[in-house]
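Take a look at the letters that make up each chain.
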Amino acid sequence: MDKNKSERLPKHIFPVHYEITLEPDLEAHTFKGEETITIKLEKNVKEITMHSNDLDITSANLLCGKEKIKAQKILYDKELETATFVFSKQIKKGETRLHLQFSGILANNMRGFYKSKYAVGGKNRFMAATQFEATDARRCIPCFDEPAQKAVFAVHLIIPKNKTAVSNTLPVATNKHRAGFEIVSFAPTPKMSTYLLAFLVGDFEWLEQKTSSGVLVRVIAVPGKKEQGKFALDVAVRTLEFYEKYFDIPYPLNTLDLIAVPDFAAGAMENWGAITFREELLLVDKEHSSTSARESVANVIVHEITHQWFGNLVTMEWWADLWLNEGFASYMPYIVIDTLFPEWKIWEKFVTDDLARSLKLDALKNTHPVVEVQIHNPDEICEMFDAISYSKGATVIGMLASYLGEKDFRDGLRFYLKEHSYKNTRTIHLWDAFEKISKKPVKKMMEIWTEKSGYPLVSVSINQKSKKLDISQKRYFSSRVSARESGQKTLWPIPLSFISSNGVESLGLMDKKSISIPAPLSFIKLNPFEGSMYRTQYDGNLLAKLKVALSEEKLTPQDRLGIIRDLFALAEAEQSDVVYLLEMLLAYRNEKEYIVWVEIISGLASLHNLLFGSKSYELFKVYAQNILSKIISYVGWEPRKGEPHNDALLRILVLSAGASFENIEVVEEAKNRFKNRKIKPIGADFRSLIYASIVRNGGQKEFDEVRALCEKENMPEEKDRLFFALTASRDRKILKQALAFIMTDHIRLQDKVYGFAYVLINPYGRILGWKFIKKNWKKITKEYGKRNHMLSTIVSVLNRNTLKSMHDDIKTFFKENPLPSADRTILQALEKINSNILWLKKDEKKIYKWLAKQSLFDGCNQ
C-alpha cells in the first residue's frame with residue numbers, strides 16, 4: 001500500500017443509524033448478518049463507498065421510500081478495505097437507507113468478530129467476541145469505520161437458547177426464533193464511533209452492583225470464575241461514582257459491563273458500556289493473585305472507565321489526535337487510584353511508569369510528535385498506539401495540570417467534555433477549553449510539547465566568573481549518532497523550578513536557549529519531584545553537592561530517582577562519564593524506597609545487557625550483587641507486620657534482581673521454597689521470581705518440571721508466571737525447547753508474542769531467538785495477520801542487541817519481509833542497537849578497568 005495514499009471516506013456521505021442483526025455459528029465458526037443503515041447524503045450520488053474487509057456481501061439495496069433500488073455492482077478494494085455500491089441512477093441528497101446482507105468467518109486472530117476458546121466441566125467450548133479498535137469493525141459489518149462517522153446502533157443477536165448475549169446496552173426484548181434459537185434485541189446505543197461497538201455470545205456468569213446513581217455494574221466471566229470479579233466490581237463502582245462527581249457529567253448509560261475474555265489481543269478495550277479485558281487484567285484470586293497484579297487490574301479498570309468520557313462521549317476527530325483518548329486515560333487513573341487506595345502512593349509511580357516510558361521512547365530520532373499530522377492508512381494508525389500517545393500524552397497532561405492548578409484543570413475538563421459531548425474534537429479544542437477557564441496562554445505553552453518530537457536536556461553549571469548558575473537547553477538524544485545528525489533547534493517552554501535547602505522555588509517558563517540565576521549556597525536539584533519532562537545535566541561541583549544531599553537524606557524519593565536516572569541516560573548519550581555513574585550508584589546502597597530501586601535495577605539491567613559477552617560481564621555481575629546486598633538483607637523473604645504496601649513490591653523487585661544477578665543466598669532460598677512448595681505453598685508474590693530462578697539456575701529436570709506445571713495450569717496469571725519462567729534459562733538447548741513450546745497449543749495466541757519477547761530479552765536467547773523468529777516468520781505472521789499490533793512486541797525488544805552483524809541482519813530481514821504496521825518500531829530498534837554498539841565500543845574498556853581496579857568488596861561498602 002502507498003503509505004501516502006489517504007484512506008479517508010468521502011465526506012459528503014455519513015451514517016445516522018445502524019439496525020444490525022448478526023447470527024454467529026459457534027460450531028462452524030462463521031457468522032451471517034444483515035443491516036439497514038440510515039445514511040445522509042449531502043449531494044446527489046450514484047455510488048456509496050464504505051469499509052468492508054473479509055466479508056462476503058451477498059445483497060445490497062437502497063430503500064428510498066417505497067422504492068427498492070438494487071446495487072448494479074459491488075466493487076471491492078482490498079488495499080483500501082472498502083466496498084463501493086454502484087447504482088444505475090442518481091440517488092438524491094437527503095436521507096436514504098441501505099440494506100445489506102453479508103457473511104464472514106469468526107476469526108482466530110482476535111480481530112474483528114472472532115472466536116475464543118474456554119473450558120466448562122473439562123470440555124472445550126467457543127464464544128464469539130469482538131475487538132474493533134482501530135479499524136476492524138469493517139471485519140464484522142460493512143460500515144463507515146472512522147471515528148468521526150458517529151451513529152446510533154441497534155443490535156439484534158440470534159443465539160442458541162442456552163447461550164448468553166452481551167452488547168453495549170442491556171437487552172430490551174428476547175423473542176423466539178427458529179427451534180432452539182432466540183433473538184436478543186438490545187437498547188439503541190448513544191451516538192458513537194464504530195470502533196466502540198461490541199457484542200459477545202457464550203456461556204457467562206456475573207456479579208453485579210448498582211452505583212449510588214443507579215447504574216448497573218456487572219463483572220462477567222466464563223463459568224467458574226465470577227467470584228474472582230469481586231475486586232474489579234468494587235473498583236469499577238467506586239470509579240464510576242468518582243468520575244460522575246469529578247466531571248460533573250452523569251455516565252450516559254444505565255449499565256456498565258466488564259467482561260473477561262479468555263483470548264484477547266490488547267490489555268482491555270473501552271467499548272461503550274461493554275468493556276472487554278484479558279482475564280488476568282480483570283479477575284483477582286485472593287490466594288493466587290499477586291500484589292502487583294491487583295495494582296495492574298485496578299489501573300486497567302480505571303483507564304478503561306476514563307475512556308467512557310474521554311474517547312466515547314468525546315472522541316478524537318481522527319487518529320492523529322489519539323492522545324486525546326489515551327493520554328487522559330493514562331493520566332486520570334493516578335487521580336482516581338490515589339483516592340481509592342492512598343496507601344499505594346500511586347503518584348510516586350508516575351515517575352517510574354508513564355514518565356519513564358516517555359523519556360525512553362522520545363529520546364530516539366525515530367519517534368513522533370504527540371499530535372501526528374499525517375496519518376493515512378491502518379498501518380500508520382496501528383503505529384500510533386505507543387508510549388508517545390499514551391505515556392507522553394499523560395506526562396504533558398500532568399505538566400499542564402501543574403501549570404493550571406487543580407481547580408482550573410478540573411473545570412477545564414468539565415467545560416471541554418460538556419461542550420463536545422457526542423462530538424469529535426481535535427487538540428485545539430482542548431486548548432481552547434482550558435484557556436477559556438484559566439485565562440492562561442495554554443496553547444502557547446502546550447503546542448510545542450505536543451507538536452514537536454523529543455524533549456530537552458537542561459544543563460546547569462556554576463559560572464566561575466559571575467558565580468551564577470548558567471542554565472541552558474537542547475534536545476536530548478540517547479543515541480550519540482542521532483544527536484550529531486539532528487538539526488532540530490526546538491526551544492521548549494520548560495516549567496523550571498528547583499529544590500534546595502531553602503525548599504522549592506519556581507522560575508516560571510524557560511523558553512530561551514539559556515538563562516542565568518543566582519546560585520544557592522547549598523545543593524540545587526532541578527525539576528522537583530520529577531514533575532516535568534526533561535533530563536538534567538549538572539557540572540561536577542553541583543553533582544558533588546547532590547551526593548552529599550543524598551547521604552543526608554534531604555531529597556524526596558522522586559528526586560533521588562531522577563538524579564541516578566539521568567546519570568544512566570547521560571552515560572549512554574556520551575554526555576557524562578560512565579565511571580562517575582558507577583561510583584554514584586554506590587551512594588545508593590542505603591536506599592529503601594521502592595520507586596528508586598525500580599530505576600536503579602532498570603539501569604543495572606541495561607548495563608548487564610550491554611556488557612553480556614564482554615570481558616567486563618562477570619565483574620559487573622559481582623558489582624551488581626554488591627549494590628543489591630544491603631537492600632536484599634533489609635527486605636528479607638518474610639513480610640513484616642504492618643509494613644507499607646510498597647514494601648511488598650520492593651521485596652519482590654530486589655529479590656528478583658538478586659536472583660537475576662545470581663546472588664547465592666537468593667538462588668538457594670528460591671530453590672528450597674520450590675522444593676518444599678507442597679509442604680509450604682509459595683505465596684503469590686514470590687512465584688514469578690522463584691519459578692524463573694529455578695529455570696535460570698537449573699537444568700533439563702527443572703525445566704521439565706516447570707513446563708509440566710504450565711501445561712496443567714488454568715489460571716491465566718499463574719500460567720503466565722510459569723510460561724515466562726521457561727524463557728529464563730541460560731542453557732541454549734533448553735531455550736530452543738522453550739521456543740518450540742511457545743508454538744504449541746498449550747500457549748494461547750494472545751501470549752505467544754510475549755514468550756518470544758522474553759526469549760529475545762534474555763541475553764542467552766537473543767541470537768537463537770532471532771534465528772527462530774526468522775525461520776518461523778511466515779507462520780507467525782499468518783496467525784496474527786500483518787496488521788496486528790502485537791507483532792510490534794517482538795520487533796521492539798530486538799533493540800537489546802549489541803552486535804553490528806545482528807543490526808545488519810535485522811535490517812536486511814525487514815527489508816525483504818516488510819511489516820508496515822511496525823515500520824517505525826523497526827527503525828527505533830535499529831537506532832537503539834547502533835547506540836548500544838557505540839556505547840560498548842567507547843566505554844567497555846573503561847568499565848572493565850574500573851571494575852578490575854576496585855577491591856570490589858571494600859569498594860562497594862564505601
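Because the structure is a prediction, the values reported are computed rather than measured.

Things to note about the overall build of the protein chain
The helix and strand inventory of the protein chain stands at 29 helices and 29 strands. Computed over its C-alpha atoms, the radius of gyration of the protein chain comes to 28 Å, within 12% of the 29 Å expected for a compact globule of 862 residues. Dimensions of the protein chain, computed from the C-alpha atoms along their principal axes, are close to 90 × 65 × 55 Å. Residue burial in the protein chain is summarised as follows: out of 862 residues, 62% are buried. Contacts spanning at least 24 positions in sequence make up 72% of the contacts within the protein chain whose residues lie at least 6 apart. With the model as given, the accessible surface of the protein chain reaches about 34200 Å², and the carbon-plus-sulfur share is 51%.

Comments concerning the pairing of strand β9 (residues 112-120)
The pairing of β9 with strand β10 (residues 123-131) spans nine bridges and is classified as antiparallel. Residue pairing for β10: Lys-115 is matched across the bridge by Ala-128. Hairpin connection between β9 and β10: a loop of two residues separates the two successive antiparallel strands, and Gly-121 in this loop has a positive phi of roughly 60 degrees.

Re the side chain of Asp-720
Examined against the element boundaries, Asp-720 turns out to sit in helix α21 (residues 716-725). There is no salt bridge for the buried Asp-720, and the closest opposite charge comes from Arg-278, which lies 5.5 Å off by N-O distance. Setting aside residues up to four positions removed in sequence, Asp-720 forms contacts with Glu-280 and Asp-751.

Here we look at helix α19 (residues 687-697)
Buried residues dominate α19, accounting for nine of its eleven residues. Those residues of α19 lying buried are Arg-687, Leu-689, Ile-690, Tyr-691, Ala-692, Ser-693, Ile-694, Val-695 and Arg-696. At its buried positions, α19 is contacted by α17 (645-660), α18 (664-675), α20 (700-712) and α21.

Details of helix α25 (residues 777-784)
Buried residues of α25: Trp-777, Ile-780, Thr-781 and Tyr-784, and no others. All buried residues of α25 project into a common sector of 90 degrees when viewed along the axis, lining one side. In α25, the exposed positions angled more than 90 degrees off the buried face are occupied by Lys-778 and Lys-782. Where α25 is buried, its residues contact α23 (749-761), α24 (766-775), α26 (791-796) and α27 (804-816). Of the residues trailing α25, Gly-785 is marked for its positive phi of about 85 degrees.

Cut-offs applied
- Residues numbered from 1 in each chain as written.
- Predicted model: local features only at pLDDT ≥ 70, side-chain atom pairs only at ≥ 80, totals over all residues.
- Heavy atoms only, no water.
- Helix = DSSP H or I, 4+ residues; strand = E, 2+ residues; numbered from the N terminus.
- Rg over C-alpha atoms; globule rule 2.2 N^0.38 Å.
- Buried < 20%, exposed > 50% of the residue type's maximum accessible area, 1.4 Å probe, protein only.
- Contact = heavy atoms within 4.5 Å.
- Areas by Shrake-Rupley, 256 points an atom, 1.4 Å probe, with all protein chains shown as cover.
- Pairing = 2+ DSSP bridges.
- Lys, Arg positive; Asp, Glu negative; His and termini not counted.
- Salt bridge = Lys/Arg side-chain N within 4 Å of Asp/Glu carboxyl O.
- Arc of directions from axis to C-beta.

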